[in-house]
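Descriptive structure summary
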Amino acid sequence: MRAVVAGRLESSRVQSGTAAAGDHALSSGGAANGAFADRVIAWQRLHGRHDLPWQNTRDPYRIWLSEIMLQQTQVAAVIGYYQRFLDRFPDLQALATGAADEVMRLWSGLGYYSRARNLHRAAGIIVDECKGEFPATQADLMRLPGIGRSTAAAVAAFAFGQRAAILDGNVKRVFARYFGIEGYPGLPAVEAVLWERAEALLPKRGLEPYTQGLMDLGATLCTRTRPRCPACPLAADCVAQVHGRTAELPHKRPRKPLPRRSCVMLVMQYRGQVLLERRPPAGIWGGLLCLPQADDLAAARNLAETLGADWHGHTALGEIEHGFTHYHLTIRPVSLSQPASSAKNVAREPRYSWMPLLQALDAGLPSPVRKLLLALEKTLNKSLECRLSNGRPL
């Protein structure tokens with residue numbers, strides 16, 4: 001997972017006997033720093049990943065797309081999305097001129113949808129304001145929406161050979177364990193120490209295998225659970241390994257119970273179509289198509305009646321639980337039929353649209369809405385099979 005998470009603790013040296021070990025690579029100067037980088041580079045060339053779809057290219061568009069998709073998302077989940085996205089938007093110009101709906105459709109299910117909106121915006125900026133010339137430095141890349149310090153460094157390094165330090169979630173874990181850095185990496189106090197290490201350890205040569213090696217170490221060996229320390233090139237002087245602290249470092253996020261919220265979603269049907277509502281551009285599920293939503297049953301009834309549906313014939317469907325980073329959502333779907341007399345009136349509202357069920361399933365939908373509609377399709381198919389098996393007309 002590549003995630004740019006802020007954090008730092010200036011006094012973050014390991015306690016008691018491990019403090020000196022935590023400082024070893026920096027206190028010894030450039031030679032020790034070089035030895036660290038040399039080990040990472042040598043390991044990457046022999047054991048690292050070399051055949052990912054976005055590797056073996058200098059194309060900044062493809063590298064940038066992969067880095068955005070890999071923010072807070074694992075490689076295995078990204079590969080299929082990356083390839084489908086490139087099939088539809090093979091280059092920067094195609095993305096910049098593409099429809100936002102199509103971008104969101106191809107992103108649907110990958111989560112963190114602001115990434116897709118920012119990707120589309122940034123493509124337009126590069127084409128319109130930069131005359132199609134992709135920014136080549138970390139500083140210029142960071143001026144684009146959705147590109148932070150670590151993502152900018154990765155694009156600059158892999159696409160342009162720029163000497164820039166990365167610090168994604170995997171690299172933070174490697175550094176926290178190797179140097180014995182205390183504190184949760186998401187705290188502002190921990191970040192400067194981690195960035196200090198990242199900048200100081202940059203090699204003068206072999207930057208790309210070094211950068212990829214750090215990512216690969218965190219993704220394949222120095223994993224969050226069950227790290228494979230015996231295979232790690234840094235294990236001999238890794239503070240966490242030497243002192244038996246791999247399970248403890250890096251420190252976990254301070255636990256706070258996630259607040260719980262709930263909503264009611266209206267599954268409104270009319271002649272094989274479902275009513276969808278376009279979400280506002282900003283916020284949760286921004287820009288995606290969604291089912292009409294209300295905070296509670298009373299508000300849902302008012303909304304249904306406003307839309308001309310018959311609330312008295314509604315059917316409660318099974319609840320769906322969905323987790324966000326900052327809260328947990330319980331979705332209570334309600335199925336309703338839409339009278340023909342009001343269906344056309346609803347369609348006149350710009351944010352609402354009737355869509356055939358199969359077409360809706362191919363649109364840009366949030367994961368729980370897709371899950372709901374898939375269940376609806378399954379139910380309708382079973383009903384159709386029953387009618388056919390009983391010789392009843394459709």
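Structural notes, computed from the coordinates. (Residues numbered from 1 in each chain as written. Predicted model: local features only at pLDDT ≥ 70, side-chain atom pairs only at ≥ 80, totals over all residues. Heavy atoms only, no water.)

1. Description of the pairing of strand S7 (residues 328-337)
With seven of ten residues buried, S7 is to be regarded as a mostly interior element. Strand direction decides the pairing type here: strand S1 (residues 260-270) and S7, joined by ten bridges, are parallel. Following the sheet pairing, arginine 260 is matched in S7 by histidine 328. For strand S5 (residues 315-316) and S7, the ladder comprises two bridges, and the chain directions are antiparallel. Paired with alanine 316 across the two strands is valine 334, which belongs to S7. Following strand S6 (residues 320-323), the chain reverses through four residues before pairing antiparallel with S7. (Buried < 20%, exposed > 50% of the residue type's maximum accessible area, 1.4 Å probe, protein only. Helix = DSSP H or I, 4+ residues; strand = E, 2+ residues; numbered from the N terminus. Pairing = 2+ DSSP bridges.)

2. Thoughts on the pairing of S6
Side-chain positions along a regular strand alternate between the two faces of the sheet. Going residue by residue along S6, you find Ile320 and His322 tucked away on one face and Glu321 and Gly323 left uncovered on the opposite face. Two elements, S6 and S7, share four bridges in a ladder whose sense is antiparallel. Bridge pairing in S7 places glycine 323 opposite histidine 328.

3. As for the nonpolar core
Core analysis: the biggest nonpolar cluster contains 103 residues, and Trp64, Phe85, Phe175, Tyr210 and Leu373 have the highest contact counts within it. It is helix H10 (residues 149-160) that provides the largest number of residues to this core, a total of eight residues. Here phenylalanine 175 is in contact with Phe36, Leu167, Gly180, Ile181, Leu194, Arg197, Ala198, Leu201, Tyr210 and Leu214, once residues within four sequence places are set aside. (Core = buried A, V, L, I, M, F, W, Y, C linked by side-chain atoms within 4.5 Å. Contact = heavy atoms within 4.5 Å.)

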